[in-house]
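# Examination of the molecular architecture
Listed here are the chains, written in short residue letters.
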Amino acid sequence: MRTLELTCPLDRPLGREAVQARVARDFARPDLKAVVVRRSIDARGEPVYRYRVEVYEPGEYSDPAPLEPYLDVHGAEPVIVVGAGPAGMFAALRLLTLGRRPIVLERGKDVHERKVDMARLSREGAVNPDSNYCFGEGGAGAFSDGKLYTRSTKRGDNMEVLRRLVEFGASPDILFDSHPHIGSDKLPVIVENIRNCVVDHGGEYHFGQRVNSISKDHDGLFTVRTASGSEFTAPAVILATGHSARDVYEMLSAGGGRLEPKGFALGVRVEHPQSLINRAQYHGRYHQGMPAAEYSFVQQVDGRGVFSFCMCPGGILVPSSTEPETVVLNGMSNSARNSRWANSGVVVQIEPEDIPGDSPFKLYDFQQKVERDMYKAVREAVKGADLNPMAAPAQRMTDFCEGRLSGTLPETSYHPGAVSVRLDKVLPVMVSDRMRKAFPQVKIRGYYCSEALLLGVESRTSSPIRIPRDPETLSYVSIPGLYPCGEGAGYSGGIVSSAIDGLRCAEKAAQS
């Protein structure tokens, strides 16, 4: 096997057949096998796609080992999976391969029905606490671009997750793209295909089932009760409820369960014209047909990281509140990434030692207070005027750094609307002071400008609480047989790492 690199223009990417044809032509060997292992964008000169290709002699290449098959689990021993986000979905799939019957309980609605509630949230500001951009089938990741950037293999095989996503309808390009994504317009079909697979093989999905009680009897059998009055029993429970299920932490704490405060990050969503980011990242060489440019940065300011998070090229801003009288924002992109705006979270790392007190809920309370402060700041600014309850406080970047109210605001993709507010005064001082120092230092040409709009608040970067588990068994230290899993438990961040954690917890639950 030998490795070579190929390049092509950004507006004319090579497909697998084209790569094979180029290798056959360049080596005058049609019998060679070409396998693309990575595709990335190189904008140091004329922007191009750069392909890393492995070339094999006849008989030298063998296909990857097939994925474990799904078994018919009708009548098999059940495992309850609480939550149908990435961790819960992939836990259910792994249980099928292990001969266990997943019973998936989701507090929200299916991936298509939840769109109605998300539309109402944007249009009217009406918060359904069980069906929104965070809760519902597919979890928060289903409507935030579908980024699959995790490449770490410390905790599991990320390629298994990507191959499964392709199996259920994602483009095979995610297997070799350096920054793979699916898009919020295509993820719902994939999520539905996963559910259909689970049900067809004997598993169960139950929507509108917000869990409010988990108990364990002397024989080790769990009973899970929901707000609708339903009960489900199984010898093991996987708790994959996501980073915004605050009631789950309260339920565990009320039952005497152990919790720990966990660091998270908090800041704003920053929105630029996508054309500005394209010019900067392509060094003025952008033209129609090229992919919308991305960016990322991280800086150390006064002992804490200030960094971009969940960058959405060609995306839009959406309201992610899960309770009334709060304002929380997130970003999303469709697969084409063709909106006129680029947005990213820019956040400051918050550690447990930054917040006084010993309660495991101290960062949770801090997060919640900031979200409520955003809502109050807008109400104070408009002095009783009628507007969408999800309207966000906003400030031009230069005004934020120079400490003045913005007289006007640039156009924004955020549908509920933006209201001029001194965000630098509403954000916690430890956050605003660090961001004020960081923005002018970002080494992206034109990034620091008056056309950049800051909107608050980006606060759901990860869970501010960890549900501690045994490092070997992955079982909750307070309740053996209960498996905290994914972002909500404090053990992952993003779709792929959450899916990997779901696979691991499913294996442990099946063994128990």
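As a reminder, the structure under discussion sits directly above these lines.
Attention in this report is confined to the structure presented alongside it. Worth saying up front: this structure is predicted, and the values here are computed from it rather than measured.

Counting its secondary structure elements, the chain contains 13 helices and 22 strands. Computed over its C-alpha atoms, the radius of gyration of the chain comes to 24 Å, within 12% of the 24 Å expected for a compact globule of 512 residues. Seen through its principal axes, the chain has C-alpha atoms that stretch 70 × 65 × 40 Å. Per-residue burial over the chain gives 57% buried out of 512 residues. Counted over contacts in the chain with a minimum sequence separation of 6, partners at least 24 positions apart contribute 71%. Summed over all atoms, the accessible surface of the chain reaches about 20,900 Å², with 49% contributed by carbon and sulfur. Placing the 61 positive and 63 negative side-chain charges of the chain at their respective mean positions leaves the two points 5 Å apart.

Let's shift gears to helix 6 (residues 246-254). Within helix 6, the full set of buried residues consists of Arg246, Val248, Tyr249, Met251 and Leu252. Following helix 6 by one or two positions, Gly256 has its phi on the positive side, about 90°.

A word on the pattern of salt bridges. By the definition in use, this model includes 43 salt bridges. When the shortest N-O distance is used, the salt bridge between Arg107 and Asp247 registers 3.0 Å. Taken as a pair, Arg107 in the loop between strand 5 (101-106) and helix 3 (114-124) and Asp247 in helix 6 lie far apart in primary sequence, 140 residues in all. Between Arg246 and Glu323 there is a salt bridge, with its nearest N and O atoms 2.6 Å apart. In this pair, Arg246 is assigned in helix 6 and Glu323 in the loop between strand 15 (316-319) and strand 16 (329-332), connecting sequence segments 77 residues apart. As far as the burial class goes, Arg246 and Glu323 line up, both buried. Counted as one network, the salt bridges with shared partners bring together Arg246, Glu323, Glu371, Arg372 and Arg460.

Right, let's get into empty space enclosed by the protein. A complete count under the given rule lists 1 cavity of 30 Å³ or more for this structure. Of the voids in this model, the largest cavity is the one considered here, and its volume is about 90 Å³. Forming the walls of the largest cavity are Pro86, Met89, Phe90, Gly138, Gly141, Ala142, Leu165, Leu187, Ile190, Val191, Ile194 and Ile495. Looking at the lining of the largest cavity, the elements with two or more residues in it are helix 2 (86-97) and helix 5 (187-200). Looking at which element gives the most residues to the lining of the largest cavity, the answer is helix 5, with 4 residues.

Moving on: the side chain of Gln395. Counting through the fold element by element, Gln395 comes out in strand 18 (residues 392-396). Only 2.9 Å separates the side chain of Gln395 from the backbone nitrogen of Leu423, close enough to count as a polar contact.

Size it by volume and the second largest pocket reaches roughly 630 Å³. Arg16, Val35, Tyr61, Pro64 and Leu175 are, among the 21 residues lining the second largest pocket, the residues nearest its centre. Listing elements by their share of the lining of the second largest pocket, those giving two or more residues are helix 1 (16-27), strand 2 (33-42) and helix 4 (158-167). If one sorts the elements of the lining of the second largest pocket by residue count, strand 2 sits on top with 5 residues. In the lining of the second largest pocket, the residues fall into 13 nonpolar, 1 polar and 7 charged.

With that settled, the discussion passes to the nonpolar core. Counting 126 residues, the largest nonpolar core has Val53, Leu165, Ile238, Met435, Phe439 and Tyr447 as its most contacted members. The element best represented in this core is helix 13 (residues 495-511), accounting for 9 residues. In this structure Phe439 touches Val268, Val270, Val346, Met397, Phe400, Cys401, Tyr447, Tyr448 and Leu454, once residues within four positions along its chain are discounted. With 28 residues, the next largest nonpolar core counts Val82, Val211, Leu239 and Tyr491 among its residues.

Bringing helix 1 into the picture now. With 12 residues, helix 1 extends 17 Å between its outermost C-alpha atoms, agreeing within 8% with the 16 Å of an ideal straight helix rising 1.5 Å per residue. Within helix 1, burial applies to Val19, Val23 and Ala24. Looking straight down helix 1, one finds that the buried residues subtend no more than 135° of arc, so they occupy a single side. Across helix 1 from its buried face, at more than 90 degrees, point the exposed residues Glu17 and Arg25. The secondary structure elements touched by the buried residues of helix 1 are strand 1 (2-9), strand 2 and strand 3 (48-56).

This part is about the sheet that holds strand 18. Remark on secondary structure: sheet strands pair via backbone hydrogen bonds, oriented parallel or antiparallel. Pairing is mixed across the open sheet formed by 7 strands, whose spatial order is 13-14-17-12-20-18-19. Looking at the sheet topology across the chains shown, the edges are occupied by strand 13 (298-301) and strand 19 (418-420). Ignoring which end each strand starts from, the neighbouring axes of this sheet average 35° apart. Where strand 12 (residues 264-273) lies against strand 20 (residues 453-458), 4 bridges are found, and the strand directions are antiparallel. Note that in strand 20 the partner of Arg269 across the bridge is Leu455.

Right, let's talk about the environment of Arg436 for a bit. Within the element layout of this structure, Arg436 appears in helix 11 (residues 429-438). The spatial distance from the C-alpha of Arg436 to the C-alpha of Phe222 is 50 Å, given a sequence separation of 214 residues. Not counting residues within four places of it along the chain, the set of residues in contact with Arg436 comprises Phe400, Cys401 and Asp424.

Moving on to the pairing of strand 12. Buried residues dominate strand 12, accounting for 9 of its 10 residues. Examined bridge by bridge, strand 12 and strand 17 (residues 341-350) share 10 bridges and lie antiparallel to one another. Across the sheet, the residue bridging to Glu271 is Asn343, located in strand 17.

This next bit is on the side chain of Thr223. Among the secondary structure elements, Thr223 is positioned in strand 8 (residues 222-226). In contact with Thr223, not counting residues within four places along its chain, are Ser213, Ile214, Ser215, Glu231, Phe232 and Thr233.

A few words on the packing of aromatic side chains. In this description, a pair of aromatic rings is defined by centroid distance and the angle of the planes. In the structure shown here, the tally under the stated rule is 10 aromatic pairs. Between Tyr295 and Phe297, the ring centres sit 6.4 Å apart and the planes meet at 10°, which makes this aromatic pair stacked. Classification of Tyr295 by relative accessible area gives buried; the value is 5%. A ring pair is formed by Phe297 and Tyr447, whose centres lie 5.6 Å apart and whose planes are at 75°; its orientation type is edge-to-face. Placement of the pair is Phe297 in the loop between helix 7 (274-281) and strand 13 and Tyr447 in the loop between helix 11 and strand 20, with a sequence separation of 150 residues. In terms of burial, Phe297 and Tyr447 fall into one category: buried.

Parameters at a glance
- Residues numbered from 1 in each chain as written.
- Predicted model: local features only at pLDDT ≥ 70, side-chain atom pairs only at ≥ 80, totals over all residues.
- Heavy atoms only, no water.
- Helix = DSSP H or I, 4+ residues; strand = E, 2+ residues; numbered from the N terminus.
- Rg over C-alpha atoms; globule rule 2.2 N^0.38 Å.
- Buried < 20%, exposed > 50% of the residue type's maximum accessible area, 1.4 Å probe, protein only.
- Contact = heavy atoms within 4.5 Å.
- Areas by Shrake-Rupley, 256 points an atom, 1.4 Å probe, with all protein chains shown as cover.
- Lys, Arg positive; Asp, Glu negative; His and termini not counted.
- Charge placed at Lys NZ, Arg CZ, Asp CG, Glu CD.
- Salt bridge = Lys/Arg side-chain N within 4 Å of Asp/Glu carboxyl O.
- 1 Å grid on protein atoms, 1.4 Å probe; cavity = no way out; pocket = protein on both sides within 12 Å on 5 of 7 lines; lining within 4 Å.
- Points joined across faces, edges and corners; volume = space filled by probe spheres on them.
- Polar contact = N/O pair within 3.5 Å; in protein donor to acceptor, adjacent residues only side chain to side chain.
- Nonpolar A, V, L, I, M, F, W, Y, C, P; charged D, E, K, R; others polar.
- Core = buried A, V, L, I, M, F, W, Y, C linked by side-chain atoms within 4.5 Å.
- Expected span 1.5 Å × (residues − 1).
- Arc of directions from axis to C-beta.
- Pairing = 2+ DSSP bridges.
- Axes fitted to C-alpha atoms, helices over the stretch in contact; angles between N-to-C directions.
- Phe/Tyr/Trp six-rings, centres within 6.5 Å; stacked < 30°, edge-to-face > 60°.

Geometry only, nothing functional implied.
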